[in-house]
Amino acid sequence: MIRLSAARKHFGSKSLFEDLDWLITPTDRIGLVGGNGTGKTTLLKILGGMEPLDGGLFSAPKDITAGYLPQDGLSLSGRTVLEECLSVFGDLLELEEEMKALTHQMAEVDPRSDEYGRITERYHRIETEFQGRDGYSLEAQAGTVLNGLGFAPADLNRPTESLSGGWQMRVALAKLLLVKPKLLLLDEPTNHLDLEARNWLQQYLNEYPHAFVLVSHDRYMLDATVNKILELWNRRAYSYSGNYERYLAQKSARQAQLQAAYRNQREKIERLELFINRFRYQATRAKQVQSRIKELEKIKRIELPAREKTIRFEFPQPPRSGRMVAEFRGVAKSYEGKQVFHGMSFVINRGDRIGLVGVNGAGKSTLIKILAGSEPVTAGEFRLGHNVKVDHFAQDQYKELDPGARLIDDVSSIAPSALSDRTQLRTLLGCFLFSSDEVFKQIRVLSGGERNRYALLRMLLRPRNFLLLDEPTNHLDLRAKDVLLEALQEFSGTVVFVSHDRYFIDKLATRIFEIDGGRFQDYSGNYEDYLRQKDQVTLQQDDREEPPGAENSGRSGDRNGTPLRRNKINPVLVRRMKERHQGLEEEITRCEVEIATQESDLGTFKSATESIRLVKLVERNRKRLDEMIREWEELSRTLEESDRKSSVLRS
Amino acid sequence: MVKTSKRMARAREEIQGQAYPLQAALPLVQKLSSAKFDETVEISLRLGVDPRHADQMVRGTVVLPHGLGKSKKVCVIASGEKQREAEQAGAEHVGGEELVGRIQGGWLDFEALVATPDMMKFLGRLGRILGPKGLMPNPKTGTVTFDVGSAVKEIKAGKVEFRVDKTAIIHTPLGKVSFDGDKLLENARTLIESVMKAKPSAAKGKYLRSVFVCSSMGPGIAVELTSLDK
C-alpha cells in the first residue's frame, strides 16, 4: 500500500535515518519504537504527507487517507465538543445542508415544472448518498467515540476552549477515529488518557479496520495492539514481527546473531590477511594471493551497531523514617458538599510503594494532597509517623524552580558532594533527556513538560523519605521511565504515586489503593495481582448472587431458609471422585513396582524372545502409568477446586 | 456457538442445501413455516453493484399485485384540503406542521410518511430522526406528492420500497405464508422484474447474483436463477 524505499531524512546537520525501506500493507498494525529524537515523529509526519523526504522514494496510492495525531500543540476553539467532532464529516454536513435547501425549494416551485423535476432528481441522489454513507447516524458515532474516551454526555456541549490541553487532545483523537483513515498515525495517544480510556482505545485499535502506526511509551498498549514493530535505531530501521515482548526477544537474538556473524567474518578476514602476508612475495603463489586479495576486497564488512547506552544512576538515599509512615483513621473528605470519599482507614509502612488507581476524578489527587498536608480532612484523623519528611511532586511542580538559573548550574548547586563531577552531572541530565547544549538552557525557556522532568530530577537528587508523585511518568520516554523506575525501585523510603502507565505501576507498586465511587480498597501486590484479586472478588460476588426465584424452586428444602447456591457441589460425585483418587494412588504404586522388577529382569539375559516380551511389557506398563498419573492429576485439580468452592460457600 | 433449534434443523434437512426453481421454492417456504403466527415471506436479492458509488445505487418502489397481507399505518403531512383527501384515502394520521413537532418529540407511531412538497421545508430538520428508520419522504419513491390520495392508497395496497444495503443485497417482504401459492409467485415476479428494471447503467458484470426466499422464522431457500427467466 504505502512504500518508502531508500528514504533519507536530515534534521539540520543531524541525519535521522538513511536507507530506510518500509512497506505498509492495508491491515498492518505497527508499533514504531526508538529513543527520543530518533525521528519517530518525523517519520509519522512523512507518512502523513506533512514533511518531505530528503532522498529516496515515497509512494502511496491516490485514495489513501492518512490521519495524524500530533503529540501536542493543539488548540481548538469556537465550537462545542460535539460540533468539533462532527466537523470531520464536512462533506456529509454539506450534503445535509443542501438537502435542507432543496426541501425548501420544493415548496416554492411548481410541481409540474422541469425545475421541480431537476430538484427532486438532485434530492433523491443526495439523500441516497447521505444514507449510504451513514449520514443519519453521525451523532451516534461521535457519541460512542467520545464516550469511550471518557467524555460525559454533559461535556458534549461544552465549548472546546474551556477544556484543558489533555482533553483537547482527546477531542482531536476522537475526530481522527471518526474519520477512520486508511492509515492512522498516532503519536503518543496515551499520554493524556487515563486507564479506562486507554483500555477503550486498545480495544478500538484491535477492531480498527485499516492500518495504523502507533508510537507509544506504554508497553502494555504496544503488546496488546500491534503485530509488527519497526525500530528506529542508529539511523536505521529494523522490522520485527510480533508484539513488543516478541520484539525484545527477537532483538536480542538478532544482536547475538549479528555479533556471531561479525566474529566469524573477523576470523575469516584475519585468516585471509595472514595468508596474503605470508605468501605475498612467493612467485609460485602469486596467483593464489591475488585471488585472496580480491576475495578480501569483495567482503562486505559487517558493522556492529553502536551499543545502546544503558544509563544507570545511583541516587542518594534519604534519611530513615519511623516504621509507621502515615495513618488514616476513618478519614472523610468532601468538597462543597460533594463527598469524595469516606471511612478511609489504613496504615502506610516504611518501604511501601503504593500505586493509586481509579478513574479520573475519583479522588486520587485529593488523597495525595491530604498526605502532603495541603488539604485538610473533613472528618476522621490523619497523622504522619516519626521523622517523616514529605515531598510532593505535583503536575505543576516546576513553579518552585528559579526561572533564571541554567540547568547545569542549578543541578550542581543542589547535587550532593559525591556527584559534583561535571561529567556525572551531565550524564544525569542526559538520563532525563537533557542532552548537549540543552543543559545550558535557562529554566524559564523550558517547556512545561521539560520543566516537570527537571523538577523530578531535582526531587530525586535530594530525596525526602516520603515521596508523593502525581503522574511522574508523563513526558518521559521509555528509557527515561526505566531510569526513574530503577531509581524508585532502589529507593529506601516510601512512595505513593499516581500513574496511568500500567507497566510502571506493575513494576513499582507493592500495594495498590483503589478509589472507586467514594469507596476505598487496599490490595497487596502489584498491578497484575490487583487485577487478579479484583477478578476473584467479582467471581465470588457472582457466586454469592442468588439465581432469581431460587427460593421457590422445588429443591430448596434448606431449613434455615437459605436459598440454593448456584454452584452447589454434588456430594455423591465428590465422594466417588475421592474414592477413585485413592484407588489410583494405590494402583500407581503397584504399577511402578511392577516396572522396576521387569526392568531388573531385563538386566539378566535369558533369551531373545524373553527380552522382547519384557521390553514390550515395560513399554505397555509405562504407558498405563502415564495415563493413570494424568488422570490422578486431573482429579486432584478438580477436588481442590471443589474444596475451594465449598469453603467459599461456607464462609 | 449458536445452537440450531430442532425445528430449524428439521426444516434444513428438508431443503438439503440445494437450489429450487422459484415456483417450487415458494411452496416449500410455506410448507416449512412452523411458527405460531402468520409469517411474512421475504425475498433477498444479491446484486452485482457496488453501493458505495452513488451511481450504482439501486432503489425504487413497486406495487405488489396482491399486496403484503397487512396494511401499513400511514401518516400524511399536508395542508388545507389535501389533509381531507388523505383522510378520505384512509391515512391513520393526518396533520400539518404540528405533526412535525410531535415527531421531533419522539412520536413515531406510523410505518410510512407522505408529505406534500410545500411541507417538505418543515421536514428537512427531521432527517436525523426519520432517516435511520427509512421514513424520510422522497419524491422519487412517490412519498412527496400533491396527489396524497393515491399515494396513501398505493401504500395501503402494498407498495414496497426496495434499496440495496451496504452489502449490495435487497431485502423485501413478498406477502404472508397464508397467501395462495400463485399470489406469492406473482408478487415475487413483479418485484424481481422491477429490480431488474432499476439496474443502474454503471453496474458491471452479472447483475442478479443470487436470490433467496424465506419466511420470518424459517430457513433460507436458494432460488435457481435460471428459473427466473421463464
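Residues numbered from 1 in each chain as written. Chains lettered and ligands numbered in written order. Predicted model: local features only at pLDDT ≥ 70, side-chain atom pairs only at ≥ 80, totals over all residues. Heavy atoms only, no water.

Undergrad: Quick question: what am I supposed to make of the sheet that holds strand E17 (residues 511-516) of chain A here?
TA: Backbone hydrogen bonds are what pair the strands of a sheet, in a parallel or an antiparallel way. Residues and elements named next belong to chain A. Read across the open sheet, the 6 strands follow the order E14-E15-E16-E12-E17-E18; overall the sheet is mixed. Because the sheet does not close on itself, it has two edges, and the strands there are strand E14 (390-393) and strand E18 (519-524). Each strand of the sheet is rotated relative to its neighbour by a mean of 15 degrees, with strand direction disregarded. (Pairing = 2+ DSSP bridges. Helix = DSSP H or I, 4+ residues; strand = E, 2+ residues; numbered from the N terminus. Axes fitted to C-alpha atoms, helices over the stretch in contact; angles between N-to-C directions.)

Undergrad: Got a minute to help me understand the layout of surface pockets in this structure?
TA: To find the voids left in a structure, one rolls a probe of water-molecule size over its atoms. Roughly 1,400 Å³ of volume is contained in the second largest pocket. In terms of lining, the second largest pocket is formed by 38 residues, of which the most central are A:Gly132, A:Arg133, A:Asp134, A:Lys180 and B:Lys166. Secondary-structure elements contributing two or more residues to the lining of the second largest pocket are helix H3 (90-108), helix H4 (114-132), helix H5 (138-148), helix H6 (165-179) and helix H7 (195-206) of chain A. A class-by-class count of the residues in the lining of the second largest pocket yields 17 nonpolar, 9 polar and 12 charged. (1 Å grid on protein atoms, 1.4 Å probe; cavity = no way out; pocket = protein on both sides within 12 Å on 5 of 7 lines; lining within 4 Å. Points joined across faces, edges and corners; volume = space filled by probe spheres on them. Nonpolar A, V, L, I, M, F, W, Y, C, P; charged D, E, K, R; others polar.)

Undergrad: Before we go on, may I ask you to explain the interface of chain B and chain A in this structure?
TA: For an interface, size is often stated in terms of accessible area lost upon the parts coming together. Counting residues at the interface gives 23 residues for chain B, matched by 23 residues for chain A. Between chain B and chain A, the buried area comes to about 2,100 Å², and carbon and sulfur atoms account for 58% of it. Between A:Glu127 and B:Arg59 there is a salt bridge, with its nearest N and O atoms 3.0 Å apart. Mapped onto the side of chain B that touches chain A, the elements with two or more residues apiece are helix H5 (120-123) and helix H6 (127-130) of chain B. Of the residues assigned to the side of chain B that touches chain A, the class counts are 10 nonpolar, 5 polar and 8 charged. (Contact = heavy atoms within 4.5 Å. Buried area = accessible area lost by both parts, 1.4 Å probe. Salt bridge = Lys/Arg side-chain N within 4 Å of Asp/Glu carboxyl O.)

Undergrad: Please explain the packing of helix H12 (residues 407-414) of chain A against helix H13 (residues 422-431) of chain A as it appears in this structure.
TA: Packed helices, taken two at a time, are described by their axes: the angle between them and the distance between them. Residues and elements named next belong to chain A. The interhelical angle for the contact between H12 and H13, taken along N-to-C directions, is 110 degrees, at an axis separation of 10 Å. Taken as axis vectors, H12 and H13 run roughly perpendicular relative to one another. In the packing of H12 onto H13, the handedness of the crossing is right-handed. Packed against H12, whose contacting residues are Ile408, Asp409, Val411 and Ser412, the element H13 presents Arg422, Leu425, Arg426 and Leu429 at the interface. (Parallel < 35°, antiparallel > 145°, perpendicular 65-115°, else oblique. Left-handed = near helix turned anticlockwise from the far one by under 90°.)

Undergrad: Which parts of the structure should I look at to understand the domain arrangement of chain A?
TA: Once the domains are mapped, chain A shows domain 1 (77-162), domain 2 (250-298), domain 3 (324-535) and domain 4 (571-650). The gap between the C-alpha centroids of domain 2 of chain A and domain 4 of chain A is 60 Å. (Domains from an automatic or database assignment.)

Undergrad: Whenever I open this one, the pairing of strand E1 (residues 40-47) of chain B confuses me. Can you help?
TA: Residues in a regular strand project their side chains so that they alternate between the two faces of the sheet. Residues and elements named next belong to chain B. Of all 8 residues making up E1, 6 are buried, and the element is well covered by its neighbours. In this structure, E1 lies alongside strand E7 (residues 169-176), joined through 7 bridges in antiparallel fashion. By the bridge assignment, Val41 is partnered in E7 with Gly175. Alignment of E1 against strand E8 (residues 208-215), held across 7 bridges, turns out to be antiparallel. Along E8, the bridge assignment pairs Arg46 with Ser210. (Buried < 20%, exposed > 50% of the residue type's maximum accessible area, 1.4 Å probe, protein only.)

Undergrad: Sorry, what's going on with the packing of H3(A) against H4(A) here?
TA: All names here are of chain A. At a minimum axis distance of 10 Å, the contact between H3 and H4 shows a crossing angle of 150 degrees. Taken together, the axis directions place H3 and H4 in an arrangement best described as roughly antiparallel. Where H3 crosses over H4, the handedness of that crossing is left-handed. For the pair H3 and H4, the contacting residues are Leu92, Leu95, Glu96, Glu98, Met99, Leu102, Thr103, Gln105 and Met106 in the first and Tyr116, Ile119, Arg122, Tyr123, Ile126, Glu127, Glu129 and Phe130 in the second. Taken together, the residues that form the contact of H3 with H4 break down as 10 nonpolar, 2 polar and 5 charged.

Undergrad: What's the story with the confidence of the model for chain B in this structure? I'm lost.
TA: Low pLDDT means the predicted atomic positions in that stretch should not be read closely. Taken as a whole, chain B shows an average pLDDT of 80; of its residues, 99% reach a score of 70 or greater. When mean pLDDT is compared element by element in chain B, E1(B) scores highest at 89, while helix H3 (residues 81-89) of chain B scores lowest at 74. (pLDDT = per-residue confidence, 0-100.)

Undergrad: Explain the nonpolar core here, please?
TA: Soluble globular proteins tend to bury their nonpolar side chains together. In this structure, B:Ile77, B:Leu123 and B:Leu130 are the most contacted members of the largest nonpolar core, which totals 70 residues. With 8 residues, the single largest contributor to this core is H6(A). Aside from chain neighbours lying at most four places away, what touches B:Leu123 is B:Ile77, B:Val100, B:Leu113, B:Ala115, B:Leu130, B:Met136 and B:Pro137. In terms of nonpolar packing, the next biggest core, distinct from the first, is built from 45 residues, A:Phe393, A:Ala405, A:Leu407 and A:Phe504 among them. (Core = buried A, V, L, I, M, F, W, Y, C linked by side-chain atoms within 4.5 Å.)

Undergrad: I keep staring at the packing of aromatic side chains and nothing clicks. Help me out?
TA: Note on aromatic pairs: each is described by the distance of the centres and the angle between the planes. All names here are of chain A. Under the definition given, this model contains 13 aromatic pairs over all chains. Grouping aromatic residues by their ring pairs yields a cluster made of Phe328, Phe346, Phe382, Phe513 and Phe520. In this arrangement the basic side chain of Arg285 is found over the ring face of Phe279, its NZ or CZ atom lying 4.3 Å from the centre. Over the face of the ring belonging to Phe275 we find Arg292, whose NZ or CZ atom lies 4.2 Å from the ring centre. (Phe/Tyr/Trp six-rings, centres within 6.5 Å; stacked < 30°, edge-to-face > 60°. Lys NZ or Arg CZ within 6 Å of the ring centre and 35° of its normal.)

Undergrad: Even after reading the chapter, I still don't get the confidence of the model for chain A, so can you show me in this structure?
TA: Averaged over every residue, the pLDDT of chain A is 79; residues scoring 70 or more account for 88%. Considering only residues more than four positions removed or in separate chains, one finds that residues 546-567 of chain A, a stretch of pLDDT under 50, has 17 contacts.

Undergrad: Even after reading the chapter, I still don't get the sheet that holds strand E7 (residues 211-215) of chain A, so can you show me in this structure?
TA: Residue and element names in this part refer to chain A. With mixed pairing, 6 strands are arranged side by side in an open sheet as E5-E6-E7-E3-E8-E9. In the strand order of this sheet, the two ends are held by strand E5 (66-69) and strand E9 (236-241), each with one partner. The average angle at which neighbouring strand axes cross in this sheet is 15 degrees, direction not considered. For strand E3 (residues 29-33) and E7, the ladder comprises 3 bridges, and the chain directions are parallel. Across the sheet, residue Ile30 finds its bridge partner in E7, namely Val213. Taken strand by strand, helix H9 (residues 244-279) contacts E3, strand E8 (228-233) and E9, and its axis lies near 120 degrees from that of E9.

Undergrad: What is the right way to read the side chain of A:Arg29 from this model?
TA: Residues and elements named next belong to chain A. Summarising the element assignment, Arg29 is placed in strand E3. From its side chain, Arg29 meets the backbone oxygen of Tyr208 in a polar contact 2.5 Å long. Here the side chain of Arg29 touches His210 through a polar contact of 3.1 Å, landing on its backbone oxygen. If we ignore the near neighbours within four places in the chain, the residues touching Arg29 are Leu205, Asn206, Glu207, Tyr208, His210, Phe212, Thr225, Val226, Asn227 and Lys228. (Polar contact = N/O pair within 3.5 Å; in protein donor to acceptor, adjacent residues only side chain to side chain.)

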